[in-house]
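Structural description and commentary
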Amino acid sequence: EDAQRRRKQRTERLALALGKPSPEIRPASDEQWHEAIRTGKGDPDEGRRVFFSAAANCATCHIAEGRGVKVGPDLSTIARSSDRAKLVDSILQPSREIGPLYVMKTATLKDGRTVSGVQSDKETGGRVDLIQPGGKVEQISHSQVAKLDIAPVSLMPEAIEMQLTVQEFRDLIAYME
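Here is a short report on the structure shown in this document. Please read these numbers as outputs of a predicted model, since none were measured by experiment.

**Observations regarding the sheet that holds strand β3 (residues 104–109)**
An order of β6-β5-β4-β3-β7 is seen for the five strands of this open sheet, with the pairing classed as antiparallel. Edge positions in the sheet fall to β6 (137–141) and β7 (145–150), since each has one partner strand and no second. Neighbour-to-neighbour, the strand axes of this sheet turn through a mean angle of 35°, independent of strand direction. With five bridges connecting them, β3 and strand β4 (residues 114–119) associate as antiparallel partners. In the strand pairing of β4, Lys105 is matched with Gly117.

Below, the structure is given as structure tokens:
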């Protein structure tokens, strides 16, 4: 059974990599993704692999089990405050609900450049620190900032689920649960 599952996952992953996933294995709407999660079983151990993989890139902005980068919320205990539907929605529509500490800000500099990220909650004295995916911190002097705006979207990218097979998505949710 495990060998068959691994073979199916390899086939799905190859089809996804080639940009030719078959319609029967790719949900086309949020409702279909929810149904795919409800009707299939996820493996938390495989979900851990997905979380830290380059396909999902979760660990470039989130910590789980002490690993990763803190740009967004620590997801080690996310299941305590979120049910399965909310976990799925937070991936499918990351801009729907953004916690106040993780609002993306865009600094327009006096020279015309823009820098975006999550503003550090640390006192920085005379500068704005914007944390970007991967944890890089852009330190900008207040004197360089022409305008600081709150972005209407999450720093978390849209369509992460499109980088994953349906089973990988199930596994990721099982891991977060």
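**Observations concerning the packing of helix α2 (residues 30–39) against helix α5 (residues 166–176)**
As a packed pair, α2 and α5 sit with axes 10 Å apart at the nearest point and diverge in direction by 70°. By the criterion of interaxial angle, the relationship of α2 to α5 is roughly perpendicular. Mapping the contact onto sequence places Trp33, Ala36, Ile37 and Thr39 in α2 and Val166, Phe169, Arg170 and Ile173 in α5. Of the residues belonging to the contact of α2 with α5, the class tally is six nonpolar, one polar and one charged.

**Side note on the nonpolar core**
One finds Phe51, Ile91, Phe169, Leu172, Ile173 and Met176 to be the most contacted residues of the largest nonpolar core, which totals 23 residues. Elements with a contribution of two residues or more to this core: α2, α3 (44–51), α4 (84–92) and α5. Top contributing element to this core by residue count: α5, with six residues. Other than its neighbours up to four places away in sequence, Leu172 contacts Gly47, Val50, Phe51, Cys58, Ile91 and Leu164.

**So, unusual backbone geometry**
Even without being glycine, Glu65 reaches a positive phi, approximately 55°. Mapped onto the elements, Glu65 comes out in the loop between β1 (63–64) and β2 (67–68). Although it is not a glycine, Ala159 sits at a positive phi angle of roughly 65°. According to the relative accessible area criterion, Ala159 is partly exposed, its value standing at 31%.

**Here we look at the packing of α3 against α5**
Contact geometry for α3 and α5: axes closest at 7 Å, N-to-C directions at 100°. Classified by the interaxial angle, the pair formed by α3 and α5 is roughly perpendicular. Seen from α3, the contacting residues are Pro44, Glu46, Gly47, Arg48, Arg49, Val50 and Phe51; seen from α5, they are Glu168, Asp171, Leu172, Ala174 and Tyr175. Each residue belonging to the contact of α3 with α5 can be placed in one class, and the counts come to six nonpolar, one polar and five charged.

**Some words on the side chain of Gln132**
As for its position among the elements, Gln132 is in the loop between β5 (127–131) and β6. Owing to a relative accessible area of 17%, Gln132 belongs among the buried residues under this scheme. Apart from the residues lying within four places of it in its own chain, the contact partners of Gln132 are Val71, Val115, Ser116 and Glu138.

The rules we used
- Residues numbered from 1 in each chain as written.
- Predicted model: local features only at pLDDT ≥ 70, side-chain atom pairs only at ≥ 80, totals over all residues.
- Heavy atoms only, no water.
- Pairing = 2+ DSSP bridges.
- Helix = DSSP H or I, 4+ residues; strand = E, 2+ residues; numbered from the N terminus.
- Axes fitted to C-alpha atoms, helices over the stretch in contact; angles between N-to-C directions.
- Parallel < 35°, antiparallel > 145°, perpendicular 65-115°, else oblique.
- Contact = heavy atoms within 4.5 Å.
- Nonpolar A, V, L, I, M, F, W, Y, C, P; charged D, E, K, R; others polar.
- Core = buried A, V, L, I, M, F, W, Y, C linked by side-chain atoms within 4.5 Å.
- Buried < 20%, exposed > 50% of the residue type's maximum accessible area, 1.4 Å probe, protein only.

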